[in-house]
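Spelled out, the chains give:
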Amino acid sequence: MREISYSEAIREAMSEEMRRDTAVFLVGEDVAVFGGVWGVSDGMLAEFGDERVRDTPISEAAIIGAGLGAALVGMRPIVEIMFGDFLMCGGDQIVNQAAKARFMSGGKANVPLTLRVTSGAPGSAAAQHSQSPESWFMNVPGIKIAAPSTPADAKGLLKTAVRGADPVLFFEHKMLYGETGPVPEDADFTVPFGQANVVRQGRDVTVIAVSIMVPKALAAADLLAAEGISVEVIDPRTLVPLDKETLIHSVAKTSRVIIAHEAHRRSGPGAEIAAMLAEEAVEYLDGPIIRVGAKNVPLPYSPVLENFVLPGVDDIVAAARLLASK
Amino acid sequence: MDITHYSHDLLAHLFQRMTLVREFELRAIEERRRGLIPGFIHSCVGQEATAVAACAALAQQDVITSTHRGHGHLLGKGGDPKFMMAELAGRSSGYCLGRGGSLHIADFDLGILGANGIVGGGFPIATGAALAFQMRREQRVALAFFGDGAINEGTFHESANLAGLWKLPVIFFCENNLYGEGTPQHKQAPIADLARRADSYGFPGVSVDGNDPIAVYEATQAARRRALAGDGPTLIEAKTYRFRGHYEGDPQVYREPGEMAAWRQRDPVPAFRARLLESGLFDEAQLVEMETAVQTELDVAVAFAAAAPLPVVDEALQGIYAETHEGLVF
Ligand SMILES: Cc1ncc(C[n+]2csc(CCOP(=O)(O)OP(=O)(O)O)c2C)c(N)n1
Ligand SMILES: [Mg+2]
């Protein structure tokens with residue numbers, strides 16, 4: 001299979017869906033002439049024109065809310081917000097409006113709205129440009145949350161989001177944009193929501209890894225294999241809905257579990273997953289559930305501090321050793 | 001405009017600080033290229049007159065909120081290039097102990113409530129500071145710097161309305177450099193003179209030549225007088241241009257042909273220099289002396305930053321809350 005980057009895979013998904021359905025359009029700050037600040041929509045203006053690839057003023061509440069309004073009357077907007085941190089500027093439209101529209105209206109509202117957002121620390125971008133806000137929204141029923149870790153998943157999940165009928169927060173990790181991998185060319189290739197991917201099979205420890213922590217967990221698994229610790233790596237791919245079955249099945253096999261994400265440890269995605277496992281799989285566990293995540297401080301600027309705060313391969317290795325020794 | 005009735009000190013201050021801002025930016029860009037500075041820089045080269053002259057019209061006790069393009073504002077308000085350079089280098093002797101970087105430099109002693117990584121993040125903060133000054137009957141104003149792009153954030157409109165309604169001593173100072181990132185102003189707003197927006201919030205808006213420090217100084221002084229008299233806010237739109245990319249490394253595909261060359265003719269630093277000479281108030285030797293002093297100050301700043309200690313990792317866990325609670329886990 002041909003290999004393309006995560007960024008190209010996302011562009012391909014958007015372009016295919018825009019060719020397939022005229023209701024799909026892309027809107028956001030600098031998505032058109034500039035091609036997106038991360039370059040993801042580079043070239044799309046030339047193909048689709050400025051009506052369907054739209055630059056906007058710097059007005060997140062209006063951009064997100066306009067996406068919602070257009071969705072409510074039958075369009076399928078893809079809204080790009082260049083940093084997940086800026087979601088807060090349009091927070092009401094996400095949390096109080098989009099997420100609740102279907103339920104509050106007694107099921108009358110259809111909300112095919114995709115919010116493409118970046119997460120993660122790109123390096124010395126400091127506290128307002130480095131956050132991983134997935135779990136801020138996990139506490140809000142009504143919104144789906146995807147966090148792909150590979151180019152193929154990025155393409156397949158994005159197409160599912162765009163074709164769906166619910167608002168989706170689609171988190172793209174900034175440090176994954178350049179990563180390449182095999183991606184199907186089939187224009188109808190999709191990846192369903194709520195289906196975790198067992199990325200690597202193992203016997204001793206399960207690592208449930210979100211987004212960028214998947215490649216880090218795989219690197220940790222290689223190191224641990226050399227020590228005789230066999231690691232299973234699972235990527236939930238969507239946090240809402242969450243594929244509990246695959247996670248529990250793995251824990252039943254290994255009896256040990258680590259949850260790794262770049263978000264802060266406190267109330268990060270791991271808190272929900274850990275609570276779910278404690279409620280539904282405690283009988284399989286031989287040790288504590290360990291969360292690997294950013295320390296509970298704002299992301300610092302200085303690389304020394306930032307590297308210390310962010311979770312790394314070594315944190316997963318240390319946690320696995322601890323569990324394996326029990 | 002004749003400048004001979006302005007004090008020698010004021011004119012010297014404007015020239016010295018504008019030169020400092022220009023040269024600080026060029027040094028920072030250079031040091032980033034050489035690896036001393038790890039993070040992004042949004043330089044304000046070309047916008048020295050707005051930053052410096054607006055701050056020159058303020059008093060020591062006044063406060064500002066700054067932006068992602070904030071180095072000029074900070075230096076204008078009296079920021080020390082040593083501590084700024086050290087912050088950009090991520091050192092623990094920097095203004096924010098290396099935690100904040102370019103986007104978050106603050107110095108509350110100088111009335112700098114902070115640069116900001118969030119476009120439009122400063123409007124409500126400046127408004128709130130002005131509210132406090134009004135409530136405490138203090139002779140102080142708050143000035144919010146922002147760009148032509150930021151004026152389209154909801155925070156501008158909510159803050160302007162509140163400030164207009166309560167007649168708060170706040171100055172909304174727009175540096176209109178014609179672009180927000182890669183999008184030109186005419187694709188972000190359907191009106192050319194952003195100063196008109198003040199009208200709907202019940203206070204005056206003025207457009208001035210942002211490359212003329214005297215025009216900026218006059219407008220800001222008038223706004224400050226108005227604010228202190230209890231008459232409420234002013235919106236100042238200073239028209240200017242940035243000579244470098246939105247950030248260092250920006251390919252700048254979006255510029256209109258010929259636009260840069262036209263604005264280069266109006267480069268605020270050499271233009272003001274020529275004016276000072278023309279006025280007869282300064283001679284070449286005096287200006288060269290000031291320029292040389294700026295270079296020396298920046299040599300010191302870069303050396304200070306390069307020699308400053310890097311933070312030790314435990315520092316990352318401190319200073320999140322005012323108090324630490326023994327036994328409680330953060
Ligand atoms: C809420 C928010 N939206 C978007 C951005 C990304 N961004 C940073 S600077 C900028 C352009 C700001 O334009 P303007 O206000 O004109 O200031 P200038 O950069 O021209 O000085 C944008 C869109 C941001 N930092 N915060
Ligand atoms: Mg601008």
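Engineer: Help me understand the overall build of chain A in this model?
Structural biologist: From N to C terminus, chain A includes 11 helices and 14 strands. Summarising its shape, the C-alpha atoms of chain A cover approximately 60 × 45 × 40 Å along the three principal directions. A total of 326 residues make up chain A; the buried ones form 59% of that total. Taking the intrachain contacts of chain A between residues at least 6 apart in sequence as the baseline, contacts between residues at least 24 apart amount to 82%. Surface exposure of chain A reaches about 11,900 Å², of which carbon and sulfur atoms provide 52%. Computed over 29 positive and 41 negative side-chain charges, the inter-centroid distance for chain A is 4 Å.

Engineer: Can you help me understand the pattern of salt bridges in this one?
Structural biologist: It is possible for side chains bearing opposite charge to pair when their charged atoms get close. All names here are of chain A. Applying the stated criterion across every chain yields a total of 37 salt bridges over all chains. Residue Arg76 is joined to Asp21 by a salt bridge in which the shortest nitrogen-to-oxygen separation is 3.7 Å. Residue Arg76 is found in strand E4 (residues 76-81), and its partner Asp21 is found in the loop between helix H1 (6-20) and strand E2 (24-28); the two are separated by 55 residues along the sequence. The class for Asp21 is partly exposed, based on a relative accessible area of 22%. Sharing partners across several salt bridges, the network here consists of Arg2, Glu12, Glu16, Glu17, Arg20, Lys155, Lys159, Arg163, Glu185 and Asp188.

Engineer: Sorry if this is basic, but what is going on with the interface of chain A and chain B here?
Structural biologist: With 33 residues of chain A at the interface, the matching set in chain B holds 43 residues. Of the roughly 2,800 Å² buried between chain A and chain B on both sides combined, carbon and sulfur atoms contribute 63%. It is A:Phe34, A:Ile58 and A:Tyr301 that lose the most area in chain A upon contact with chain B, and together they represent 25% of the buried surface on that side. The interface formed by chain A and chain B contains 0 salt bridges. Counting every contact that joins chain A to chain B gives 13 residue pairs in polar contact (both at pLDDT 80 or more). The element that contributes the greatest number of residues to the side of chain A that touches chain B is helix H10 (residues 303-309) of chain A, accounting for 5 residues. Taken together, the residues that form the side of chain A that touches chain B break down as 21 nonpolar, 7 polar and 5 charged.

Engineer: In this structure, what is going on with the packing of helix H9 (residues 268-279) of chain B against helix H10 (residues 284-307) of chain B? I would like to understand it.
Structural biologist: The angle between the axes and the distance between the axes are what describe a pair of packed helices. All names here are of chain B. Contact pair H9 / H10: the axes reach a minimum separation of 10 Å and the direction vectors enclose 145 degrees. Of H10, the residues touching H9 (which contributes Arg273, Leu276 and Leu277) are Glu284, Leu287, Val288 and Glu291. Within the contact of H9 with H10, the residues separate by chemical class into 4 nonpolar, no polar and 3 charged.

Engineer: What am I meant to see in the site of ligand 1 here?
Structural biologist: Of all residues adjacent to ligand 1, which total 22 residues, the nearest are A:Glu60, B:His68, B:Arg69, B:Gly117 and B:Gly149. Those chains with residues close to ligand 1 are chains A and B. Measuring from an oxygen atom of ligand 1, one finds a side-chain N or O atom of B:Asp148 at 2.9 Å. Note that a nitrogen atom of ligand 1 is positioned 3.1 Å from one of the side-chain N or O atoms of B:Glu181. When ligand 1 is considered free in solution it has 580 Å² of accessible area, and contact with the protein chains removes 96% of it. Its residues assigned to classes, the shell around ligand 1 shows 8 nonpolar, 8 polar and 6 charged.

Engineer: Explain helix H3 (residues 60-72) of chain A to me, please; I cannot follow it from the model alone.
Structural biologist: Residues lying three or four places apart along an α-helix face the same way, a consequence of the helix completing one turn every 3.6 residues. Residue and element names in this part refer to chain A. Over its 13 residues, H3 extends 18 Å from the first C-alpha to the last, a length consistent with the 18 Å expected when each residue adds 1.5 Å. Looking only at H3, the buried set comprises Glu60, Ile63, Ile64, Gly65, Gly67, Leu68, Ala70 and Ala71. Structurally, H3 contributes buried residues whose contacts are with E2, E4, helix H4 (91-104) and strand E5 (114-119). Phi turns positive one or two residues past the end of H3, at Gly74, with a value near 105 degrees.

Engineer: Teacher, can you tell me more about the pairing of strand E6 (residues 205-209) of chain B here?
Structural biologist: Look at any regular strand and the pattern is simple: side chains alternate between the two faces of the sheet. All names here are of chain B. Direction of pairing for E6 relative to strand E7 (residues 234-239): parallel, over a ladder of 5 bridges. What sits directly across from Val208, in E7, is Ala238. Crossover E6 to E7 through helix H7 (residues 213-228) is right-handed.

Engineer: Please explain the sheet that holds E7(B) as it appears in this structure.
Structural biologist: The pairing of strands in a sheet comes from backbone hydrogen bonds and takes either a parallel or an antiparallel form. Residues and elements named next belong to chain B. Strand order in this open sheet of 5 strands is E1-E2-E3-E7-E6, and the pairing throughout is parallel. The open sheet terminates on both sides in strands that have one partner only, identified here as strand E1 (63-65) and E6. Ignoring strand direction, the axes of neighbouring strands in this sheet form an average angle of 20 degrees. The sheet contact formed by strand E3 (residues 170-176) and E7 spans 6 bridges and is parallel.

Engineer: In this structure, what is going on with the confidence of the model for chain B? I would like to understand it.
Structural biologist: In regions of low pLDDT, the predicted coordinates are not meant to be interpreted in detail. On average, residues of chain B score 96 in pLDDT, and 98% of them reach the 70 mark or higher. Both scores are given for the predicted complex: the pTM is 0.97, the ipTM 0.96.

Engineer: Can you walk me through the coordination of the magnesium ion (ligand 2) in this structure?
Structural biologist: For a metal with four donors in a tetrahedral arrangement, the ideal angle between donors is 109.5 degrees, while six donors in an octahedron ideally sit at 90 or 180 degrees. All names here are of chain B. Protein coordination at the magnesium ion (ligand 2): the donors are Asp148 (OD), Asn177 (OD1) and Tyr179 (O), at 2.0 to 2.1 Å from the metal. Counting the intervening residues between successive donors of the magnesium ion (ligand 2) yields the motif D-x28-N-x1-Y. Of this pair, Asp148 sits in the loop between strand E2 (142-147) and helix H6 (154-166) while Tyr179 sits in strand E4 (residues 179-180), and the two are 31 residues apart along the sequence. Tyr179 matches Asp148 in its accessibility class, with the two residues each being buried.

Engineer: Can you walk me through the environment of B:Thr234 in this structure?
Structural biologist: Residues and elements named next belong to chain B. Tracing the backbone through its elements, the reader meets Thr234 in strand E7. Through-space distance from the C-alpha of Thr234 to that of Thr220 is 8.8 Å; in sequence the pair is 14 residues apart. Sequence-distant contacts of Thr234, defined by excluding residues within four places in its chain, comprise Val170, Ile171, Phe172, Phe203, Pro204, Ala223 and Arg226.

Engineer: Please clarify how the sheet that holds strand E13 (residues 257-264) of chain A should be interpreted in this entry.
Structural biologist: Residue and element names in this part refer to chain A. Within the open sheet, the 5 strands sit side by side as E9-E11-E10-E13-E14. Their pairing is mixed. On the outer flanks of this sheet lie strand E9 (197-200) and strand E14 (290-294), each paired with one strand and no other. Strand after strand, the sheet turns through a mean of 25 degrees between neighbouring axes, direction not considered. Note: E9 against strand E11 (residues 231-235), 3 bridges, orientation antiparallel. If you follow Arg200 over to E11, its bridge partner there is Val233.

Procedures and definitions
- Residues numbered from 1 in each chain as written.
- Chains lettered and ligands numbered in written order.
- Predicted model: local features only at pLDDT ≥ 70, side-chain atom pairs only at ≥ 80, totals over all residues.
- Heavy atoms only, no water.
- Helix = DSSP H or I, 4+ residues; strand = E, 2+ residues; numbered from the N terminus.
- Buried < 20%, exposed > 50% of the residue type's maximum accessible area, 1.4 Å probe, protein only.
- Contact = heavy atoms within 4.5 Å.
- Areas by Shrake-Rupley, 256 points an atom, 1.4 Å probe, with all protein chains shown as cover.
- Lys, Arg positive; Asp, Glu negative; His and termini not counted.
- Charge placed at Lys NZ, Arg CZ, Asp CG, Glu CD.
- Salt bridge = Lys/Arg side-chain N within 4 Å of Asp/Glu carboxyl O.
- Buried area = accessible area lost by both parts, 1.4 Å probe.
- Polar contact = N/O pair within 3.5 Å; in protein donor to acceptor, adjacent residues only side chain to side chain.
- Nonpolar A, V, L, I, M, F, W, Y, C, P; charged D, E, K, R; others polar.
- Axes fitted to C-alpha atoms, helices over the stretch in contact; angles between N-to-C directions.
- Near = heavy atom within 4 Å.
- Expected span 1.5 Å × (residues − 1).
- Pairing = 2+ DSSP bridges.
- Right-handed = clockwise from strand over helix to strand, strands pointing away.
- pLDDT = per-residue confidence, 0-100.
- Donors = N, O, S within 2.8 Å, 3.2 Å for Na, K, Ca; no water.

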